[in-house]
Amino acid sequence: MAATVLENPLREGMRLERTAEPCVVVILGASGDLTKRKLMPALFRLAQARLIPAEFAVVGAARTAMETDAFRAQMRDSVAEFSDEQEIDTQVWESFAQKLYYVTLDISTPADFKGLGALLEKVDREHGAQGNRLFYLSTAPQLFAEAVKQLGVAGLTKSRGWVRVIVEKPFGSDLESARELNRRLHEHLEESQIYRIDHYLGKETVQNLLVFRFANGIYEPLWNRQYIDHVQITNAETVGVEGRGGYYESAGVVRDMIQNHVFQLLSLIAMEPPASLDAEAVRDEKIKALTSARAFTAERVRADCVRGQYGAGAVGGETVVGYCEEPGVAKDSTTETFAALVMYFDNWRWSGVPFFIRSGKRLAKRVTEIAIRFKDAPHQLFGREMMDQVAANQLIIRIQPDEGITLRFAAKVPGQVTRVRDVNMDFRYGSSFGVQLAEAYERLLLDCMLGDPTLYARTDMTERGWEIVMPIIEEWARTTGGVTFPNYEAGTWGPEASDELIERTSRRWRRP
Amino acid sequence: MMETQSKSNDDAGRVGGVDVAGLERQLASRWRETAAEEVGGKSGVTRVCVANLIVYASAAEARPELDKLLEEVAAQTPTRVILLLADRGGAPRLDASVSTRCRPALRGRRQLCGEQITIEAGGGVIGSVASAVEPLLVPDIAAFLWWKDIPNGEDKLFSRLVEMVERVVIDSAAFDRPREDLSRVASLVASRGEEMRLSDLNWGRLTSWRSLVANFWDVPDYREHLDALDRVEIEYEPSALAPKDVAAQALLAVGWLASRLGWQPSGRRVEDEDGLRVGLASGGREIELALRASGELGVGAIRQVAFRAGAAEFRAGFGAGGATVETSAKIGDAPIVGRVVAYEAKSEGQRLSRELSILARDEVYERAVAAASRLIATNAAGGI
Ligand SMILES: NC(=O)c1ccc[n+]([C@@H]2O[C@H](COP(=O)([O-])OP(=O)(O)OC[C@H]3O[C@@H](n4cnc5c(N)ncnc54)[C@H](OP(=O)(O)O)[C@@H]3O)[C@@H](O)[C@H]2O)c1
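Calculation rules
Sequence positions are assigned chain by chain, starting from 1 and proceeding in written order. Just so you know, chain letters begin at A and ligand numbers begin at 1, following the order they were written in. Only residues with pLDDT of at least 70 are given local features in this predicted model, and only at 80 or more are side-chain atom pairs given and counted; all residues enter the totals for whole chains, interfaces and linings. With hydrogens and water stripped out, all remaining heavy atoms of the structure feed into the side-chain values. Each helix is a run of DSSP H or I of at least 4 residues and each strand a run of E of at least 2, with the numbering of both proceeding from the N terminus. In what follows, a contact means two residues having at least one pair of non-hydrogen atoms within 4.5 Å. All accessibility values rest on the Shrake-Rupley procedure with a 1.4 Å probe; residue burial counts only the protein chains present in the view. A pair of strands is labelled paired if DSSP reports no fewer than 2 bridges between them. A fitted line through C-alpha atoms represents every axis, and for helices the fit uses only the stretch in contact; the resulting angles, taken between N-to-C directions, go from 0 to 180 degrees. Being near a molecule or strand, for a residue, comes down to having at least one heavy atom within 4 Å of it. Within 3.5 Å is the distance limit for a polar contact, defined as a pair of N or O atoms, with the added protein rule that one can donate a hydrogen and the other accept it, and that residues adjacent in sequence qualify only through two side-chain atoms. Each residue receives one of three labels: charged for Asp, Glu, Lys and Arg, nonpolar for Ala, Val, Leu, Ile, Met, Phe, Trp, Tyr, Cys and Pro, and polar for the others, Gly being one of them. Two parts placed together each lose some accessible area under a 1.4 Å probe, and adding up what both lose gives the buried area. Salt bridges are defined by distance alone: a side-chain nitrogen of Lys or Arg within 4 Å of a carboxyl oxygen of Asp or Glu. Think of it in three bands: with a 1.4 Å probe and only protein chains considered, a residue is buried below 20% of the maximum accessible area for its type, exposed above 50%, and partly exposed in between. Charge assignment: positive for Lys and Arg, negative for Asp and Glu; neither His nor the chain ends contribute. Note that the domain bounds reflect an automated or database-derived domain assignment.

**Q** Go over the overall build of chain B with me, naming the residues and quoting the values.
**A** Counting secondary structure elements, chain B contains 10 helices and 16 strands. Counted over contacts in chain B with a minimum sequence separation of 6, partners at least 24 positions apart contribute 71%. Taken as a whole, chain B presents about 15900 Å² of accessible surface, with 49% of it coming from carbon and sulfur.

Below, the structure written as structure tokens:
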């Protein structure tokens, strides 16, 4: 760790946001898609916003042979293509580009890491990066453990400053592999050095969940079994597998979405108030919530879980092929592209409250939202004819797109007779704060540089996610359970069984 | 923008009060009209209001500019604006009108996000106009006063409005006697204490400079040089309102450094065609502070700052054309670390809007103004 630094008296009272410490960001997998699309545009914007200091550099590494100049040119194109920057000033780009380097490196070749080490020493010296290093593992997940091992063997997991490693998703492909990955990472790294990314946590609305729940006094008293009837989490995509059929075949929606992203949302809704906003305090409460999630047994999988796979259909007016016709997908694939589950938390707060979760590809609309459905008023004063258009009170937290919060309640329709109708009280980020929301990757990269792991997944969280879904994965792998795929048409809200799952309890899915 | 007038002078020329309920009714009908225009009208109009903003300006103020600025504010921060136009020398009068501001929201849906009540007051009415403002404030949300004039603690209207709001915004770039006016602000701050939270748009303009400067010493290896500075140079554009004076922004910058780093005047002071150089003392060390005006007349913005500590030099300044900022840190023979980043000039509307998001008392600003005023007061004995 870095020695304690004298306080900077000029920093006090500064209204500007937090600025990262000097560092070199090393991207393993720098010739890949994520670097182009997300990482480099995010780093460039952070530099422009001066949220990272001048004492900063990026070293890109991958097997592709490339000169630093070619890498710089390639990065310029990606920043132009994938960021909102209208026009990039040549001088500004040149100044940023001077801080970019590229080295050819194969993760399976130890000698290459010696070369990386030497380059890092030089870059660090020239840019005054103070020995701080952030390694970003942006390669295929099979290489994560090996990359960290090679970094460790080459002595790069230690430095005169701090060393942190961001691990991309997916984190393992089942409980066993996630545990094994954690074990192998811990052979060379302290837990405090490991940042497992879940880009959902970088989204403004997700962070707002904590604020919404714990900065307001009025919701917390209602946030329990006394007042909440049930919770619905919808995580719907309109896209198919987008050319990643090969990967998706070995994953499916439970592995790809539910085990990580959806469970992050779920834990934020279900958690108890943390004692402080300290990273460990928040993460302790999140894991505690997931620990009380009722386990899925084979029987519960059959009763409370529904799987689906899309067939041909139309999304947004465009006809699309079924999952099995996608490139890289087996004609008789049994991979699920949709899942709906009912979860329960066996604790005082949530006892008996069902959490309905659905997630899938090629659904009717791209939306991620959490709907909290409150109980009906205990005694209905207004007769059926007056209440023609009334549902119960609902609080809807939209994560994407159009981030915001809506509260639905009943109001009297103006007129001589009493008629009651639902109205929405709507809060939208876009219209209340006239600012552009930062990209998730910007926030997360900055947090890592600042050493704040709150929005990253801890070991126990990654393992607990897998623990919960393993019985589902295993049961579904063991038997088709009489389900024949495809069982939903692209552009709909999933298979009928999903509706039946919730209607069995006399409830219905919301139309988001 | 749609407007409705409500005259408060009767035909005999007597001045009545402002019809608060009437103004609220007119605004409500505005909202209804817009709601009706919404396709389907299902979700109704989203009416958001996060702050009250009272703007005090002279009736002689150029309206188009002010309107444009308030429009920009509305686009960023949905507010109820109460614009108070004062004609202090004019005949007694009191007129009010309402207007609403719309801007397109996401996906082309129309979104109403700001409303404005304009009160024009003349002559003796001005002293009591605050009583017409108070009932027009939207309850439960913060109120801000933008006092587009030099603040004067003796002025009754100013004092009454200050009591109504959470925060007062001024702009020291508009001072035509920066030294005296800044000192007046300092005494006002000292006398009101916690009662008046003050923002200065000019301090906002200085923020990015302060952060550029502070950035240097966030770097652990550079930190020691901050305690060993021997020369500080600040270059600024002369203010069009007071071309001969040191610009208010530069005075604030010096006040900030002096208050944060404990600098005192040492008695040495030279003023010539190169600008002003004063000696400052800090823990037995003497620091030379050079203030230099250069370039065209403007709002008195800082153009460049440079710090020296023996063989270490730190510099931040605008690039040619003012669209970029360049920084460099040079420590002895080590490679120079620097960069060029785009400088996105904020519009005045954006700056004001930014102030509306801040409620806390800015003690760093208050101390900077106090330190600047102390250095100004010791002018002859080596101050600024
Ligand atoms: N793309 C996205 O939008 C996205 C979104 C969320 C998560 N992710 C995750 O981010 C990671 C990277 O995704 P991606 O889409 O960028 O993948 P990709 O385009 O396939 O890039 C993989 C990178 O790894 C490098 N690589 C492969 N084998 C290597 C080896 N032996 N040694 C060194 N480098 C090697 C590749 O370069 P060479 O062939 O030149 O070696 C390439 O730069 C994955 O874990 C993915 O799940 C991506």
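Don't stop here, the text continues.
**Q** Any chance you could break down the sheet that holds strand β14 (residues 312–318) of chain B for me, citing the residues and the numbers?
**A** Sheets are built from strands that pair by backbone hydrogen bonding, the pairs being arranged parallel or antiparallel. All names here are of chain B. Strands sit in the order β10-β11-β12-β9-β13-β14-β15-β16 across an open sheet of 8 strands; the sheet is mixed. Edge positions in the sheet fall to β10 (264–272) and β16 (337–342), since each has one partner strand and no second. Ignoring strand direction, the axes of neighbouring strands in this sheet form an average angle of 10°. For strand β11 (residues 275–282) and strand β12 (residues 285–293), the ladder comprises 7 bridges, and the chain directions are antiparallel. Note that in β12 the partner of Arg277 across the bridge is Ala290.

**Q** Give me the site of the ligand: which residues, what numbers.
**A** Residues and elements named next belong to chain A. If you check the shell around the ligand, you find 21 residues, and the closest are Ser31, Leu34, Arg63, Thr64 and Lys169. In this structure, Gly29 approaches the ligand through a main-chain N or O atom, which is 3.1 Å from an oxygen atom. One of the backbone N or O atoms of Leu34 is found 2.7 Å from an oxygen atom in the ligand. Calculation on the ligand without its partners gives an accessible area of 880 Å², and the protein chains cover 76% of this total. Looking at the shell around the ligand residue by residue, the class counts come to 10 nonpolar, 6 polar and 5 charged.

**Q** A description of the interface of chain A and chain B should follow, citing residues and the corresponding values.
**A** Counting from both sides, the interface comprises 41 residues of chain A and, opposite them, 53 residues of chain B. Summed over both sides, the interface of chain A with chain B buries roughly 4100 Å², with 50% coming from carbon and sulfur. On inspection of chain A and its partner chain B, the count reaches 3 salt bridges. The interface formed by chain A and chain B contains 15 residue pairs in polar contact (both at pLDDT 80 or more). At the level of secondary structure, the elements contributing two or more residues to the side of chain A that touches chain B comprise α1 (33–48), α3 (90–97), α4 (110–127), β17 (419–428) and α12 (429–432) of chain A. Each residue belonging to the side of chain A that touches chain B can be placed in one class, and the counts come to 13 nonpolar, 13 polar and 15 charged.

**Q** Explain the side chain of A:Lys99 to me, using residue names and the numbers behind them.
**A** With respect to the element layout, A:Lys99 can be found in the loop between α3 and β3 (100–104). It turns out A:Lys99 is buried and unbridged, and the closest side chain with the opposite charge, A:Glu55, is 7.3 Å from it. Only 3.0 Å separates the side chain of A:Lys99 from the backbone oxygen of A:Ala54, close enough to count as a polar contact. Other than its neighbours up to four places away in sequence, A:Lys99 contacts A:Ala54, A:Phe56, A:Ala57, A:Val58, A:His127, B:Gly338 and B:Arg339.

**Q** How would you explain unusual backbone geometry if you had to name every residue and give the values?
**A** Geometrically, the link from A:Lys169 to A:Pro170 is a cis peptide bond, its omega value of 0° lying close to zero. As for its position among the elements, A:Pro170 is in the loop between β5 (163–167) and α6 (175–188). With omega at -10°, the peptide bond leading from A:Phe485 into A:Pro486 counts as cis. With respect to the helices, strands and loops of the structure, A:Pro486 is situated in the loop between α14 (459–478) and β18 (488–489). Notably, B:Asp140 is not glycine yet its phi reads approximately 70°, a positive angle. Its place among the elements puts B:Asp140 in the loop between α3 (130–133) and β6 (143–147).

**Q** Break down the sheet that holds strand β4 (residues 133–137) of chain A for me, with residues and values.
**A** Residues and elements named next belong to chain A. Spatially, the 6 strands line up as an open sheet ordered β3-β2-β1-β4-β5-β6, and their pairing is parallel. Only two strands of the sheet have a single partner each, and these edge strands are β3 and β6 (194–196). Shown here is a sheet whose adjacent strand axes are inclined to one another by a mean of 20°, direction ignored. Sitting on the sheet, α4 touches β1 (23–28), β2 (56–62), β3 and β4, and the angle it makes with β3 is about 165°.

**Q** Which residues make up the domain arrangement of chain B, and what values do they have?
**A** Residue and element names in this part refer to chain B. Domain boundaries assigned for chain B yield domain 1 (2–165) and domain 2 (205–381). Contacts between the two partners involve 10 residues from domain 1, matched on the other side by 10 residues from domain 2. Taking both partners together, domain 1 and domain 2 bury about 850 Å²; carbon and sulfur atoms supply 73% of that area. Among the residues of domain 1 in contact with domain 2, Glu72, Gln76 and Phe144 are the three that bury the most area, contributing 48% of the side total. Applying the counting rule to domain 1 against domain 2 returns 2 residue pairs in polar contact (both at pLDDT 80 or more). Looking at the side of domain 1 that touches domain 2, the elements that each hand over two or more residues are α2 (63–76) and β6. For the side of domain 1 that touches domain 2, the element with the highest residue contribution is α2, accounting for 4 residues. Taken together, the residues of the side of domain 1 that touches domain 2 sort by class into 6 nonpolar, 3 polar and 1 charged.

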